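Structural characterization, general
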Amino acid sequence: MTAHLTQAQARRVALAAQGFGRRASAAPTMRQLQRVLDRTAQFQIDSVNVCVRAHYVPLFARLGPYDRGLLDRAGNAAPRRVFEFWGHAASLIDVDLQPALRFRMAEHAHRPWQAMDRIRREQPGLLDKVMAQVAERGPLTAREVEHEQERTPGGWWNWSDVKSALEWLFYIGELTSAGRNTQFERRYDLPSRVLPARIIAAPTPTEEEARLLLARRAAAALGVFTPAWLAEYFYTDRARTTAALDRLVASGEVEPVVVKGWKDPAYLWSDAARPRRIEGDALVAPFDSLVFDRARLLQVFGTHYRIGLYTPRAERVHGYYVYLFLSGDRIAARVDLKADRRASALLVQSSWLEEDAPEAETAARLAAELGRMAEWLQLADVVVSDHGTLAASLRSVV
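Residues numbered from 1 in each chain as written. Predicted model: local features only at pLDDT ≥ 70, side-chain atom pairs only at ≥ 80, totals over all residues. Heavy atoms only, no water.

Overview of the packing of aromatic side chains
Enumeration over the complete set of coordinates arrives at 12 aromatic pairs. Ring pairs connect the aromatic residues Phe-60, Tyr-66 and Trp-376, which therefore count as one cluster. In this arrangement the basic side chain of Arg-53 is found over the ring face of Phe-184, its NZ or CZ atom lying 4.2 Å from the centre. The cationic tip of Arg-180 hangs over the ring face of Phe-184; the distance from NZ or CZ to the ring centre is 4.4 Å. (Phe/Tyr/Trp six-rings, centres within 6.5 Å; stacked < 30°, edge-to-face > 60°. Lys NZ or Arg CZ within 6 Å of the ring centre and 35° of its normal.)

Notes on unusual backbone geometry
The peptide bond linking Ala-78 to Pro-79 adopts the cis configuration, its omega dihedral lying at -5°. If you trace the backbone, Pro-79 turns up in the loop between helix 4 (69-76) and strand 3 (82-86). Not every positive phi belongs to a glycine, and Ala-41 is a case in point at roughly 75°. Topologically, Ala-41 is positioned in the loop between helix 2 (30-40) and strand 2 (42-44). Within the chain, Tyr-235 stands out as a residue other than glycine whose phi angle is a positive 55°. Mapped onto the elements, Tyr-235 comes out in the loop between helix 12 (227-233) and helix 13 (238-251). (Helix = DSSP H or I, 4+ residues; strand = E, 2+ residues; numbered from the N terminus.)

Structural notes on the side chain of Ser-351
Its place among the elements puts Ser-351 in strand 13 (residues 345-353). Excluding residues that lie within four positions of it along the chain, Ser-351 makes contacts with Arg-334, Val-335, Val-384, His-387, Gly-388, Thr-389, Leu-390, Ala-391 and Leu-394. (Contact = heavy atoms within 4.5 Å.)

Section: the pairing of strand 12 (residues 330-340)
The buried count for strand 12 comes to eight of 11 residues, which makes it a mostly enclosed element. Direction of pairing for strand 11 (residues 322-327) relative to strand 12: antiparallel, over a ladder of six bridges. Looking at the pairing, Leu-324 lines up with Arg-334 of strand 12. Hairpin connection between strand 11 and strand 12: a loop of two residues separates the two successive antiparallel strands, and Gly-328 in this loop has a positive phi of roughly 65°. Strand direction decides the pairing type here: strand 12 and strand 13, joined by eight bridges, are antiparallel. Pairing of Leu-337 across the sheet is with Val-348, part of strand 13. Counted between consecutive antiparallel strands, the loop separating strand 12 from strand 13 contains four residues, among which Ser-344 sits at a positive phi close to 55°. (Buried < 20%, exposed > 50% of the residue type's maximum accessible area, 1.4 Å probe, protein only. Pairing = 2+ DSSP bridges.)

Points about the sheet that holds strand 10 (residues 281-284)
Here five strands make up an open sheet; going across it, the order is 10-11-12-13-14 and the pairing mixed. Both edges of this open sheet fall to strand 10 and strand 14 (381-384), since each of them pairs with a single strand only. Between one strand and the next, the sheet's axes are offset by a mean angle of 30°, whatever the strand orientation. Judged from the four bridges that link them, strand 13 and strand 14 form a sheet pairing that is parallel. Note that in strand 14 the partner of Leu-347 across the bridge is Val-383. (Axes fitted to C-alpha atoms, helices over the stretch in contact; angles between N-to-C directions.)

What about helix 14 (residues 294-301)?
Those residues of helix 14 that fall on the buried side of the exposure criterion are Arg-294, Arg-296, Leu-297, Val-300 and Phe-301. Each buried residue of helix 14 sits inside an arc of 155° when the element is viewed along its axis, so together they form one side. Turning to helix 14, the residues buried within the fold contact helix 1 (7-17), helix 11 (207-222), helix 12, strand 11 and strand 12. The backbone nitrogen of Ala-295 lies 3.2 Å from a side-chain oxygen of the residue at the head of helix 14, namely Asp-293. Two residues or fewer after helix 14 comes Gly-302, characterised by a positive phi angle close to 70°. (Arc of directions from axis to C-beta. Polar contact = N/O pair within 3.5 Å; in protein donor to acceptor, adjacent residues only side chain to side chain.)

A word on the pairing of strand 3
Of all the five residues making up strand 3, four are buried; the element is thus mostly covered by neighbouring parts of the structure. With five bridges connecting them, strand 3 and strand 4 (residues 90-94) associate as antiparallel partners. Its bridge partner lying in strand 4, Val-82 is registered against Asp-94. Between strand 3 and the antiparallel strand that follows it, strand 4, lie three residues.

Here's what the structure looks like:
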C-alpha cells in the first residue's frame, strides 16, 4: 500500500533528512561536522562575502556556533573529508563521492572549452608546462604559476591562458584543489597529493553505477522528493537519474508516496526519519542545500524565493543577500544581512515577515538567532534598519 503524507509531514521529513532539528548541545566537533556532511553530501561555494562565505553557513544553521576552522581543516588538511568539485554547483563535496564523479570529469574532457581549442593551437605546450609547475611546486594559485602571459584587460571572464589551463585541468580532474587561501583563491595540486590514498585507490565505477550512487545519496539527503528534485541535487541528467531511481525503488531503498497537494509523483527514502516535531530556529543561506532548488523550496515550504544578488537594484523585493529564517518546520521570515566588520555590526538591511507567521514570536526568535550569528562572526552588535514588514517588531526586541 502506498504511504500518504500531509504537507506538514513532508516538510518535517525533508528537514530531518537535511540535518535540522538536532543542534549540538556543546561546542560542535569534527564528529558533528561529519554527521551533517553524511546527510547533505555537499556545501555549495560562492565567492560573495557580504556576510560570511556561503559554505560556512549550512553548518551554523544545523549545529549553531561552531569553529569555522573545522570546515577549513576538513577541506585543506589531511585526512580530507571534502574535496572541491562540481556537485549541484561548485561545492565542497563528501570525498567518498569522488569516484562517483569521475564520469563527470571524463565527460568534461570530451567537451573542451573554446578557449582550450585556441590555447592548444597557439600554445601547444602550455598544458604540460602548467602541469609540470604544479607537480614540482604545488599547491599553487594561478598567480603563483610561472607564466609569460599577462592577464588580458576587460571583464571578469577574461582570464589569462594559464588561469584557463588550470581551470580546465581542474574541470577534468587532472588537478584538484588543495583548499583556498585567505583571498579565496583556489590552490591547485595533484589529486594524489590531496585526496586520501583510499580514494585514489578506489576503482572507478561504471557511469551507470556512479549515477546510482549519486541518486542514492541525493535520495537520502532529500528524504522525500520528486524525480526532478532528485536530479537537481547533484545536477545530473534527468532521464538517467530516473533510471537510477527505478533501481532504487526496485531494491526497496525508495518507495512511492503520495503527498497531499503535490502534483508530481513523489518518493520517500525508506530509512527517512518522520519526526512529529522539528525544534529550533536557523538562518538559512541562499545556497544551502535545503533551498538551492527554488522549485523544491516552493513546493515543500510554499516559499517563493529569489536571492536578490543577481537582480538589478530597482527590481529587488527583499534585498541583496537574503537569508531565510526557519522557525520550527516553517519559513517564518527573511532578512537581508551584511557584516560591517569595521563597525563590528551585523546589519539587518531589511526584514520581512512571511504570510501566516506570528509576528511577535517570530521577531523574538529571529532576534535571538541574529544575536547568535553576530557572536559567531565576532561582531559586537546587531543593527536593524527600518525597512521591511518585520522591521519595527524586530527592532523592538534586538
